[in-house]
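What the coordinates show
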Amino acid sequence: MSAAARAFVLDDFNKKFLEIQRVNPGCAAYLVDVGFSHWTRVHSAGKRYNIMDNNIAESWNQVLKEAREYPFICMLEYIRTTVMEWFAVRRTRAASSASVIAPTVRKIVEENFESTMAMAVRPISDFEFQVQIRSGECFTVKLVEGTCSCNQFQCLSIPCPHVIAAANRLGVSVDTFVDVAYFEETIRHAYDEKIYPIPSVGGILLWEPLPGQKVT
Ligand SMILES: [Zn+2]
């Protein structure tokens, strides 16, 4: 199922989904009911970048596990304090990074670069290339349009091995093809805003202190 969900091209998805239907028809029927656009890359209506699960929501639920038992205002204060601290820590970390691209994306680019070694790159035009991999399969890279026929580049906005091979042939920096969403500067801007405590009014706190929290 994971292979079907993560497929970049329709043909691959269809093959994997037929396999699911063969092995477990009940599961396939359930997945049809859910709707392909909710769990597959190829049928997704928007851009998923490289996110295929709901780990973020699960992590957040875990954080709120204890606070869910608090009175409502207390729970809101817990959320505010947590997010305030997270923003401060992430702002400091992003500010101290000397890299242009986020480390996790840099790692993907480096891995993709490793797999370009046995590729044959032939020009179709100034900015279009045929890239042949070791198995003989050919991919069409159009650098100006920002596409590769493997579809990975369009889906993730991270250069696939074929785009990297074409960029190298042209002598263009691979970083040029990484989406600005993955730049450290974009991440820094995400944490620009600061979250402040809610002030008391006339010396009266508008919220209850959290367990173990000192009010000064
Ligand atoms: Zn490609």
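Residues numbered from 1 in each chain as written. Predicted model: local features only at pLDDT ≥ 70, side-chain atom pairs only at ≥ 80, totals over all residues.

Observations concerning the UniProt feature "domain: SWIM-type" (unreviewed entry) in the chain
In this structure's numbering, the residues bearing the UniProt feature "domain: SWIM-type" (unreviewed entry) are residues 139-171. Annotated as residues 139-171, this span is 45% helix and 18% strand, and its ends, taken at the C-alpha atoms, are 19 Å apart. (UniProt positions renumbered as here; feature names shortened; annotations may be inferred. Helix = DSSP H or I, 4+ residues; strand = E, 2+ residues; numbered from the N terminus.)

Here we look at the sheet that holds strand β3 (residues 138-142)
Read across the open sheet, the 4 strands follow the order β1-β2-β3-β4; overall the sheet is antiparallel. Looking at the sheet topology across the chains shown, the edges are occupied by β1 (120-123) and β4 (147-148). Bridge count for β3 against β4 is 2 bridges, and the pairing is antiparallel. For Val-141, the partnering residue across the bridge sits in β4 and is Cys-148. Seen against the sheet, helix α8 (residues 161-170) touches β1, β2 (128-132), β3 and β4 and runs at an angle of roughly 120° to β2. (Pairing = 2+ DSSP bridges. Contact = placed C-beta atoms within 7 Å. Axes fitted to C-alpha atoms, helices over the stretch in contact; angles between N-to-C directions.)

Let's talk about the domain arrangement of the chain
Structurally, the chain comprises domain 1 (2-38) and domain 2 (49-196). For domain 1 and domain 2, the distance between their C-alpha centroids amounts to 25 Å. Between domain 1 and domain 2, the contact holds 4 residues from the first and 5 residues from the second. (Domains from an automatic or database assignment.)

Some details on the pairing of β2
The two faces of β2 differ: Phe-129 and Val-131 on one face are buried, but Glu-128, Gln-130 and Gln-132 on the other face are not. One ladder, built from 4 bridges, connects β1 with β2; its direction is antiparallel. Bridged to Ala-120 within β2 is Gln-132. If you look at the hairpin formed by β1 and β2, you'll find 4 residues sitting between the two strands. As judged from the 5 bridges shared by β2 and β3, these two strands associate in the antiparallel manner. Residue pairing across strands places Gln-132 opposite Cys-138, the latter belonging to β3. (Buried ≥ 20, exposed ≤ 12 C-beta atoms within 10 Å, placed from the backbone.)

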